[in-house]
Amino acid sequence: MTSGLWELVLKGIWVTVQLLVFSAALAAAVSFVVGIARTHRLWIVRFLAGFYTEVFRGTSALIMIFWVFFVLPPAFGWQLVPMWAGTLALGLTYGAYGSEIVRGALNSVDPAQREGGIALSFTPWQRLRLILLPQAVPEMIPPFSNLLIELLKGTALVSVMGMGDLAFSGNLVRLALQESAEIYTYILLIYFVIAFLLTRVMRGLEKKLKAGLGRVPEGGGKLPAPRPETTAVGAEAAGGR
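Every value quoted in this text rests on a predicted model; they were computed, and no experiment measured them.

For this particular structure, what's the right way to read the overall build of the protein?
Helix and strand content of the protein: nine helices and zero strands. Its helices and strands taken in sequence order, the protein reads α-α-α-α-α-α-α-α-α from the N to the C terminus. Counting over 241 residues, the protein shows a buried share of 35%. Here the analysis covers contacts within the protein between residues at least 6 apart in sequence; of these, 71% occur between residues at least 24 apart. As displayed, the protein offers around 13900 Å² of accessible surface, 67% of which is attributable to carbon and sulfur atoms.

Here it is, written out as structure tokens:
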């Protein structure tokens with residue numbers, strides 16, 4: 001390929017990365033808000049959060065992009081640029097999936113931890129912030145990593161709006177060179193490299209979060225065994241000497 005065509009592909013990569021970052025940020029915010037709402041003590045809050053989740057999980061991301069870009073703007077008298085239309089559609093759609101990850105992780109925390117917070121007279125917000133989330137977030141990382149990879153692949157859907165992402169740029173290069181196998185192989189490899197880097201980052205984040213809870217050390221391997229004098233039995237024995 002010529003330098004001009006490679007520049008087009010690089011611009012497409014940059015647009016895809018931007019879209020991924022923006023839509024992932026929105027999806028993360030939606031995931032936590034809706035996921036926490038799914039565990040709320042008020043039934044109306046749980047119902048509304050569940051209704052949102054079912055609606056967005058039950059619709060096509062591609063049709064949602066069409067709806068946000070072509071249907072929503074005329075109803076309100078304004079037009080979204082493709083970047084923000086794609087961010088809104090993908091963020092809301094994948095946020096619905098992420099909310100189930102948050103809900104499941106919160107519900108997996110040992111009930112004794114909640115009871116301990118109640119015994120300490122913590123408010124619901126304090127129990128959530130100080131007890132539930134620190135234990136639940138590390139468990140969310142592996143499924144969130146998978147969801148992030150799915151979101152990366154979903155960014156290719158915005159090419160239907162004429163947005164110059166990686167998929168759209170690759171197709172333009174293919175038309176210019178009349179070579180499908182080579183160009184689409186390059187595009188596949190680029191998506192794979194981005195996904196692989198995301199996986200490494202998320203795995204490192206998971207190790208750090210679990211290390212903070214004493215589950216997995218940051219460098220990997222087994223946790224160091226406690227010294228005898230730091231245990232209850234060891235302390236008693238040390239006191240008797």
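What is the right way to look at the packing of aromatic side chains in this model?
For any pair of aromatic rings, the description consists of the separation of the ring centres together with the inter-plane angle of the planes. Going through the model one piece at a time under the given rule, you end up with 10 aromatic pairs. Between Phe-69 and Phe-70 the ring centres are 4.9 Å apart and the planes differ by 80 degrees, which places this aromatic pair in the edge-to-face class. Given the relative accessible area of 13%, Phe-69 is considered buried. For Phe-70, a relative accessible area of 46% gives the class partly exposed. Ring-pair connections join several aromatic residues into one group, and the members of that group are Trp-43, Phe-47 and Phe-51.

Mind showing me how you'd approach a nonpolar patch on the surface here?
Residues Leu-42, Trp-43, Ile-44, Phe-47, Leu-48, Phe-51 and Val-55 make up a contiguous nonpolar surface patch of roughly 720 Å² in combined accessible area. A residue is classified by how much of its surface remains accessible, and Ile-44, at 37% relative accessible area, is partly exposed.

Teacher, can you tell me more about unusual backbone geometry here?
If a residue is not glycine, its phi is most likely negative; likewise, a peptide bond is most likely trans. A positive phi angle, close to 65 degrees, is found at Ser-121, a residue other than glycine. Relative to the assigned elements, Ser-121 resides in the loop between α5 (111-119) and α6 (124-154). Positioned with a positive phi, Gln-178 is a non-glycine residue whose angle comes to about 55 degrees. Along the chain, Gln-178 turns up in the loop between α7 (166-177) and α8 (180-212).

Is there a simple way to think about the environment of Lys-210 in this case?
You can see Lys-210 is positioned in helix α8. Exposure remark for Lys-210: the relative accessible area of 17% places this residue in the buried category. With 73 residues separating them along the chain, Lys-210 and Val-137 place their C-alpha atoms 9.2 Å apart.

What's the story with the environment of Gly-154 in this structure? I'm lost.
When you line up the elements, Gly-154 lands in helix α6. Residues Gly-154 and Gly-86, spaced 68 residues apart in sequence, show a C-alpha to C-alpha distance of 9.9 Å. Excluding its chain neighbours within four sequence positions, the residues that come into contact with Gly-154 are Leu-90 and Tyr-94.

Could you clarify how one ought to interpret the packing of α5 against α6 in this entry?
Helix packing geometry: the angle between the two helix axes and the distance between the axes. Their axes nearest at 10 Å, the elements α5 and α6 cross at an angle of 160 degrees. The angle between α5 and α6 places the two elements in the roughly antiparallel class. Relative to α6, the crossing made by α5 is right-handed. For the pair formed by α5 and α6, the contact residues are Gln-113, Arg-114, Gly-117 and Ile-118 on the first element and Arg-127, Ile-131, Leu-132 and Gln-135 on the second. Within the contact of α5 with α6, the residues separate by chemical class into three nonpolar, three polar and two charged.

Can you help me understand the side chain of Asp-165 in this one?
Tracing the sequence through the fold places Asp-165 in the loop between α6 and α7. Of the side chains with opposite charge, Arg-174 lies nearest to the buried Asp-165, which makes no salt bridge, at 13 Å. Setting aside residues up to four positions removed in sequence, Asp-165 forms contacts with Gly-12, Val-15, Thr-16, Thr-155, Ala-156, Val-158, Ser-159 and Tyr-191.

Thresholds applied
Residues numbered from 1 in each chain as written. Predicted model: local features only at pLDDT ≥ 70, side-chain atom pairs only at ≥ 80, totals over all residues. Heavy atoms only, no water. Helix = DSSP H or I, 4+ residues; strand = E, 2+ residues; numbered from the N terminus. Buried < 20%, exposed > 50% of the residue type's maximum accessible area, 1.4 Å probe, protein only. Contact = heavy atoms within 4.5 Å. Areas by Shrake-Rupley, 256 points an atom, 1.4 Å probe, with all protein chains shown as cover. Phe/Tyr/Trp six-rings, centres within 6.5 Å; stacked < 30°, edge-to-face > 60°. Patch = residues over 30% accessible without salt bridge, like charges linked within 9 Å, V, L, I, M, F, W, Y side chains within 5 Å. Salt bridge = Lys/Arg side-chain N within 4 Å of Asp/Glu carboxyl O. Axes fitted to C-alpha atoms, helices over the stretch in contact; angles between N-to-C directions. Parallel < 35°, antiparallel > 145°, perpendicular 65-115°, else oblique. Left-handed = near helix turned anticlockwise from the far one by under 90°. Nonpolar A, V, L, I, M, F, W, Y, C, P; charged D, E, K, R; others polar. Lys, Arg positive; Asp, Glu negative; His and termini not counted.

So yeah, pure geometry; function would need other evidence.
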